[in-house]
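Here is what each chain is made of, one letter per residue.
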Number of protein chains: 6
Amino acid sequence: MLRHDGRTPHQARPIKITPHFSKHATGSVLAEYGDTRVICTVCIEQGVPPFLRNSSPPQGWLTAEYSMLPSATSTRTKRERQQTGGRTQEIQRLIGRSLRGAIDLKLCPDMTITIDCDVIQADGGTRTTSITGAMVALKLAVNVMMREGKIKRNPIIAQVAAVSVGIIDENVLVDLDYIEDSKADLDMNVVLTSDKKILEIQGTAERAAFTKEQVQSIIEHAEIALEPIFELQNIAAEGREAQS
Amino acid sequence: MLRHDGRTPHQARPIKITPHFSKHATGSVLAEYGDTRVICTVCIEQGVPPFLRNSSPPQGWLTAEYSMLPSATSTRTKRERQQTGGRTQEIQRLIGRSLRGAIDLKLCPDMTITIDCDVIQADGGTRTTSITGAMVALKLAVNVMMREGKIKRNPIIAQVAAVSVGIIDENVLVDLDYIEDSKADLDMNVVLTSDKKILEIQGTAERAAFTKEQVQSIIEHAEIALEPIFELQNIAAEGREAQS
Amino acid sequence: MLRHDGRTPHQARPIKITPHFSKHATGSVLAEYGDTRVICTVCIEQGVPPFLRNSSPPQGWLTAEYSMLPSATSTRTKRERQQTGGRTQEIQRLIGRSLRGAIDLKLCPDMTITIDCDVIQADGGTRTTSITGAMVALKLAVNVMMREGKIKRNPIIAQVAAVSVGIIDENVLVDLDYIEDSKADLDMNVVLTSDKKILEIQGTAERAAFTKEQVQSIIEHAEIALEPIFELQNIAAEGREAQS
Amino acid sequence: MLRHDGRTPHQARPIKITPHFSKHATGSVLAEYGDTRVICTVCIEQGVPPFLRNSSPPQGWLTAEYSMLPSATSTRTKRERQQTGGRTQEIQRLIGRSLRGAIDLKLCPDMTITIDCDVIQADGGTRTTSITGAMVALKLAVNVMMREGKIKRNPIIAQVAAVSVGIIDENVLVDLDYIEDSKADLDMNVVLTSDKKILEIQGTAERAAFTKEQVQSIIEHAEIALEPIFELQNIAAEGREAQS
Amino acid sequence: MLRHDGRTPHQARPIKITPHFSKHATGSVLAEYGDTRVICTVCIEQGVPPFLRNSSPPQGWLTAEYSMLPSATSTRTKRERQQTGGRTQEIQRLIGRSLRGAIDLKLCPDMTITIDCDVIQADGGTRTTSITGAMVALKLAVNVMMREGKIKRNPIIAQVAAVSVGIIDENVLVDLDYIEDSKADLDMNVVLTSDKKILEIQGTAERAAFTKEQVQSIIEHAEIALEPIFELQNIAAEGREAQS
Amino acid sequence: MLRHDGRTPHQARPIKITPHFSKHATGSVLAEYGDTRVICTVCIEQGVPPFLRNSSPPQGWLTAEYSMLPSATSTRTKRERQQTGGRTQEIQRLIGRSLRGAIDLKLCPDMTITIDCDVIQADGGTRTTSITGAMVALKLAVNVMMREGKIKRNPIIAQVAAVSVGIIDENVLVDLDYIEDSKADLDMNVVLTSDKKILEIQGTAERAAFTKEQVQSIIEHAEIALEPIFELQNIAAEGREAQS
């Protein structure tokens, strides 16, 4: 099937990861999947939340926040200044879980790692772009922390990236943009490690229920699409701009 | 593997669905998966939310709310009286999406169907118990609405039920209770239709990433476990207490 | 006067108290006054609120929360997720004051007793049903705490129960259900101890102001109506289902 | 018993009602019971809340708000800027109910009467001072509305005033100030009409449960104490400063 | 230009400062600029906010809160019970900054000084009336604290007062009342010390942009208008009612 | 005086305005004053807020929102998800007032123009950068609206830009960065039109009160500093990247 922007089914949009995007954060990138642009930053604060205070062995914490600028969407999105909406909470919980799968928090005692994913432009796939970018920002921050002696051993235990995979008219297509997303029968987000293990999978039938064979095909598509993205992450984690 | 309560891997806990549990709701059940007990009710109000007001053809809306009594958990859970927490929002969005997959809202114009799932006792699997129970409450409510002539044609397009499937020490086990849940490497929620199509699948690696073969096995386990549950739903939807 | 359900003026509706209704709470009952059903639970946490922290002699605290399931009422009630409404606050303050009258908190140092009254079905008298049920749940919880050695001496100093009394067309009637309540000229809630002392009395002229002679008659009606209810509380506090 | 300020048991503190205290409100007074000072105002807006919009016959609405200045209490009280506390809600509901008993809202169609009681200094009895003052402010506002032709017939159907009555060491004492209030065994608020009918009664055992004979005595004390207060209200309602 | 109330351009409205207005606050006044009336109180609590806890040398904190009674305005103003509005926050920040300019907080270690400005009647200039009144309340509170030995050396380093200055049809006019304010081209608030230094200046073109020459003229007008007001502050700070 | 980055007193930091930064907004720029970077966007929605609904002649509305990404500051800033803080409200009100001075809203009937200023990196002067950038975004949006025929006549009536001016050790310095800002005796924000009229001026003595002569000097410095910035705005408003 010819996609509206000429991509093959397994092909993600042009990806770009710009490291050191933000002056103040310990680690930061601007991550782009096509027109979707997300500032991903990592800030590290001392201390852990109450439920971890007496954990044995001591361990750190990693949490994520996600937000969209009002102007990120074609119709202005209201700021969430009184209540954090369900969609936002669902996404930031997904990002947090995924990145906690990438790090051994027992090697980061007494520290809270906050990942902020701020979408400055949205065109589909904001949560997957966030995860892929956050992984690089986390690596950059860990490098700083190790250089400064605040972390003794490298706590990164997995490299994580994400892509959405959808089904449109029986075709399995990776990295849906907004136009594709709005006509997909199924939209699944797949979070993989660089050794092709699954960290999180979440799929919803938007128009039609799906089969377990389709789930297999979707995961395989994600594996193929994420391969070059893991490469880009490696380049950006060394501090160089990475672009597909 | 012998489970701590003697169940086989494919076996859900004792299930009970008590219809007409609540005097005022249009449809209602008490749904039980083992010690997990959820009151599922369906209330129907006139009108639709603003984003559907001028939809063409006109269509109704279905939304879900989920809550736990403070005393439902072994440690008292604080009431969410100022902010609705992320976990709550994630779950009620899941319930809403799943049940919207069961109904053709174009056949319910100018009406908002609210599903309330109130957990009065929690022992693992509260979201899957909610979905299974809500399906029956929805059918009961639809029956009332059709009898009263407020809905012309039966809008139910699928029968939906859910079960959690986890992996513990490489074993795939269905319907985890709280004890199993807390030591699972992976916890996946599977929402199926009675014709074995998937409506929603959501899995998170809690301790170890997983493979696509495991995803297949998990879905197959869910299919087997849900088969008798679909039967119980049918009995309860006729107004009789159903018990496995 | 013949009441619409055949009761005499001094007669409460059929009462049922089911002890140990909830697996996790330290004490719990399902309390029913006719079709009004309330889950009353007692959870005990360590520590006291700031204003009691340096009290001398040290003393514990007892507080109450009240809530209705959305489906408890004939028209769905909106969840109080951003603000706790005035009616809710008024009722939970009443329950808290009443139960604090039943216990010597100096015998429960460094402990916060939280009473949760969750109305799962409402048909008038939810606050009085809550108080009567909470008393039993409190006794059950105290028994557990004493058995576990966490409370040394029995802190229960009074047995408390409540009933509403109304005036309709000059007739004094106890335990109004929803239909009676909506046409009452006066609705008074009376909280008594088993030795016929008054712990709290609260009455509002709904349609016509009333006299002090009527107040006397109302209290006398409450005394008569509550006599068998105190008996049922005793049975349930021994762990047996009690039913009038 | 000699009271700490020399009053007899039936004697309220010096009372002062200053009419026309506020330039902008339709009706307003400064009401003082001893050192307790409350600004009571009545503002009238067009329209009624949704639940009355289609009432037949059409009727208006009366609601009350109560607040304390932070500096009104000996220890500064935090402003309620995010949540309205339980005590505040309980009091403003009491004021609203009491004043609704004074007016026939069917004679005030399509109008919402808001009574604001703002305590600028507190020394016990803020809710009773509020009710007594609000009654006068309401009369003043009604006079304006009738003069302006916005109300056709006088809707005032009762004159309402309130006083607290407490029991200290078996002595029944009216109009407790803060010092007395903090050592009372029982504190009851009595809202009467000028023809000695009861509109609202609310009493709580603070230290010891009480008897129905005590309730009688309390109401009788309230009747005696309120007699001169009804006189003062009449003077103030004519626009003259009234002082006992 | 003849002003609607006969004042000269440099002339403030009749000013009145009533000290010791509130029984409980450490310092308090009722401040009046014409029909604008503000209760200004100072409460002192032990401790400082977190950001000052380890400051070296130790220093106290001064903060301000501003609020209007609903009945203070010609149209009833809604209470800010869920969100504090932008205007309120802007004004209370201005009051806080201005009064912090009047005191050396290093001489008030471990103490938080809260200034409450509650507008009971508004007719323009509520923020300037608040600042002028708060200065006197602060002096009165400092006197008490020094008398009680809680402050060793007098921390007052400047005497502060404020006035609004506007431009209407090219005329510079001080202390605008509501009528003037609503037709001003420019409204500037000027906070001066008694030695004619500027602590804060804030001006907004309401209808037409202005020139730097006009800014000069405005400040000169403020200097002239505030001269007698500083005198009144001195009288009131000695505990005597001061009136222009 | 030599500034820490070598600038002269009248010299702003390197300024850059990148137009069309955001794909979805009607008008947008990235505005940079040195390391301070703000995304300024303009979204236009149909309708006006209630208080303007019946204005005659009909007029549109312009409002502004300001926010900082958590990672914009050297220490992570907490998201304002439950309450909008005082500083935020003060700044967004300033931006709104300033930009309303630039446009004739009677030429934009039935339309709400929302300006969003989102600080992605902060190094002093975020509010002035926001105003300067928002002016360009507004012009770009107006161009679009006129091209699409939604606005008939060009409503822009003034060109607005802003700069902060501070006093450090008696030296008047423009466009303070964070380091300078934190040691300034006085910090003033000056909003000018391109014809050197003042739209808003707001100055606070941080350490020492100031004189009216200093106010004059500050305004003159702002005039000089803003001259080249008005030029850059003109370039960017034509759709070209502008850089000093």
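Everything here concerns the structure above.
Residues numbered from 1 in each chain as written. Chains lettered and ligands numbered in written order. Predicted model: local features only at pLDDT ≥ 70, side-chain atom pairs only at ≥ 80, totals over all residues. Heavy atoms only, no water.

## Observations regarding the overall build of chain A
What chain A contains, in helices and strands, is 4 helices and 10 strands. The order of α-helices and β-strands along chain A, N terminus first, is β-β-β-β-α-β-α-β-β-α-β-β-α-β. At 18 Å, chain A has a C-alpha radius of gyration in line with the 18 Å of a compact globule built from 244 residues. Projected onto its principal axes, the C-alpha positions of chain A cover 50 × 40 × 35 Å. Here chain A holds 244 residues, and the buried ones make up 63% of them. Positive and negative side-chain charges in chain A, numbering 28 and 31 respectively, have mean positions lying 7 Å apart. (Helix = DSSP H or I, 4+ residues; strand = E, 2+ residues; numbered from the N terminus. Rg over C-alpha atoms; globule rule 2.2 N^0.38 Å. Buried < 20%, exposed > 50% of the residue type's maximum accessible area, 1.4 Å probe, protein only. Lys, Arg positive; Asp, Glu negative; His and termini not counted. Charge placed at Lys NZ, Arg CZ, Asp CG, Glu CD.)

## What about the relation of the copies chain A and chain F?
Take chain A, turn it by 180 degrees, move it 0.0 Å along the axis, and it overlays chain F with an RMSD of 0.0 Å. The two molecules are tied by a two-fold rotation axis, judged by turn and shift. Both copies contact each other with a shared surface, as 100% of the interface residues of chain A are interface residues in chain F too. (Least-squares fit on C-alpha atoms with pLDDT ≥ 70 in both. Contact = heavy atoms within 4.5 Å.)

## So, the sheet that holds strand β3 (residues 36-46) of chain D
Residues and elements named next belong to chain D. Ordered in space as β4-β5-β3-β2-β1-β10, the 6 strands form an open sheet in which the pairing is mixed. Each end of this open sheet is capped by a strand with a single partner; those strands are β4 (61-68) and β10 (242-243). Pairing between strand β2 (residues 27-33) and β3: 7 bridges, direction antiparallel. By the bridge assignment for β3, Tyr33 is matched with Thr36. Docked against the sheet, helix α1 (residues 86-100) engages β4 and β5 (111-121), running at close to 145 degrees with respect to β4. The strands touched by helix α2 (residues 126-147) are β1 (15-19), β2, β3, β4 and β5; relative to β3, the strand with the most contacts, the crossing angle is about 40 degrees. (Pairing = 2+ DSSP bridges. Axes fitted to C-alpha atoms, helices over the stretch in contact; angles between N-to-C directions.)

## Some points on the interface of chain A and chain F
Frequently, the measure chosen for interface size is the accessible area that the parts lose on association. With 37 residues of chain A at the contact, the number on the chain F side is 37 residues. When chain A packs against chain F, the two sides together hide about 2,900 Å² of surface, and 42% of this comes from carbon and sulfur. Three residues, His24(A), Arg76(A) and Arg81(A), lead the burial of chain A against chain F; their summed loss comes to 27% of the area buried on that side. Seen at the junction of chain A and chain F, the total is 14 salt bridges. In this structure, the salt-bridge partner of Arg76(F) is Glu65(A), at a minimum N-O distance of 3.0 Å. Remark: the boundary between chain A and chain F carries 28 residue pairs in polar contact (both at pLDDT 80 or more). For the side of chain A that touches chain F, the secondary structure elements donating two or more residues are β3 (36-46), β4 (61-68), α1 (86-100) and β5 (111-121) of chain A. It is β5(A) that provides the largest number of residues to the side of chain A that touches chain F, a total of 6 residues. Across the side of chain A that touches chain F, the residue classes break down as 11 nonpolar, 14 polar and 12 charged. (Buried area = accessible area lost by both parts, 1.4 Å probe. Salt bridge = Lys/Arg side-chain N within 4 Å of Asp/Glu carboxyl O. Polar contact = N/O pair within 3.5 Å; in protein donor to acceptor, adjacent residues only side chain to side chain. Nonpolar A, V, L, I, M, F, W, Y, C, P; charged D, E, K, R; others polar.)

## Looking at the interface of chain F and chain E
Taken together, the contact between chain F and chain E spans 30 residues of the former and 30 residues of the latter. Summing both partners gives a buried area of about 2,700 Å² for chain F against chain E, and 50% of it is carried by carbon and sulfur. Looking only at chain F, the three residues that lose the most surface to chain E are Glu90(F), Ile198(F) and Lys212(F), adding up to 21% of its buried area. Across the chain F-chain E interface, the total number found is 6 salt bridges. Between Glu90(E) and Arg93(F) there is a salt bridge, with its nearest N and O atoms 2.8 Å apart.

## A closer look at the pattern of salt bridges
Any two side chains of opposite charge can pair, on the condition that their charged atoms come close. If you walk through the whole model with that rule in mind, you get 138 salt bridges over all chains. The partner of Glu223(D) in a salt bridge is Lys212(C), and the shortest N-O contact between them spans 3.0 Å. A residue pair is termed interchain when its members come from two chains, as with Glu223(D) in helix α4 (residues 212-237) and Lys212(C) in helix α4 (residues 212-237). Judged by its relative accessible area of 11%, Glu223(D) is buried. The buried category is assigned to Lys212(C), whose relative accessible area is 16%. A single salt-bridge network, built from bridges that share partners, covers Arg3(A), Asp5(A), Arg7(A), Arg13(A), Asp35(A), Asp123(A), Asp175(A), Glu180(A) and Lys23(F).

## As for helix α2 (residues 126-147) of chain E
All names here are of chain E. If you check α2, its first and last C-alpha atoms are 31 Å apart, about what 22 residues at 1.5 Å a residue would give, namely 32 Å. Among the 22 residues that make up α2, 19 are buried, leaving the element largely enclosed by the rest of the structure. Of the residues one or two after α2, Gly149 is the one with positive phi, at around 75 degrees. (Expected span 1.5 Å × (residues − 1).)

## Some remarks on the environment of Lys196(B)
Residue and element names in this part refer to chain B. Note that Lys196 resides in the loop between β8 (186-193) and β9 (198-205). For Lys196, a relative accessible area of 41% corresponds to the partly exposed category. For Lys196 and Ala222, which are 26 residues apart along the polypeptide, the C-alpha to C-alpha distance reads 9.4 Å. When sequence neighbours within four positions are dropped, the list of residues in contact with Lys196 reads Glu223 and Glu227.

## Points about α4(C)
Residues and elements named next belong to chain C. The end-to-end C-alpha distance of α4 is 36 Å, a good match for the 38 Å that 26 residues give at a rise of 1.5 Å each. When the local axis directions of α4 are compared, the greatest deviation, roughly 35 degrees, occurs at Leu226, which is followed within four positions by the proline Pro228. Remark: Gly239 follows α4 within two positions and exhibits a positive phi of approximately 95 degrees. (Bend = angle between axes of the 7 residues up to and from the residue.)

## Quick notes on unusual backbone geometry
A cis amide bond links Ser56(D) to the next residue, Pro57(D), at an omega of 0 degrees. The phi angle at Lys196(B) is positive, at roughly 65 degrees, despite the residue not being glycine. Although it is not a glycine, His20(C) sits at a positive phi angle of roughly 55 degrees. With respect to the element layout, His20(C) can be found in the loop between β1 (15-19) and β2 (27-33).

## What about the arrangement of the chains?
Over all C-alpha pairs, chain A and chain D never come within contact, reaching a minimum spacing of 11 Å. Here chain B and chain E are not in contact; the least distance found between their C-alpha atoms is 11 Å.

## Here's the deal with the packing of helix α1 (residues 86-100) of chain F against helix α2 (residues 126-147) of chain F
The packing of two helices is summarised by the inter-axis angle and the distance between the axes. Residues and elements named next belong to chain F. Relative orientation of the contacting elements α1 and α2 amounts to 35 degrees, with a least axis distance of 10 Å. The two elements α1 and α2 cross, and the hand of that crossing is right-handed. On α2, the residues touching Arg87, Glu90, Ile91, Leu94, Ile95, Ser98 and Leu99 of α1 are Thr126, Arg127, Ser130, Ile131, Ala134, Met135 and Leu138. Considered class by class, the residues forming the contact of α1 with α2 number 8 nonpolar, 3 polar and 3 charged. (Left-handed = near helix turned anticlockwise from the far one by under 90°.)

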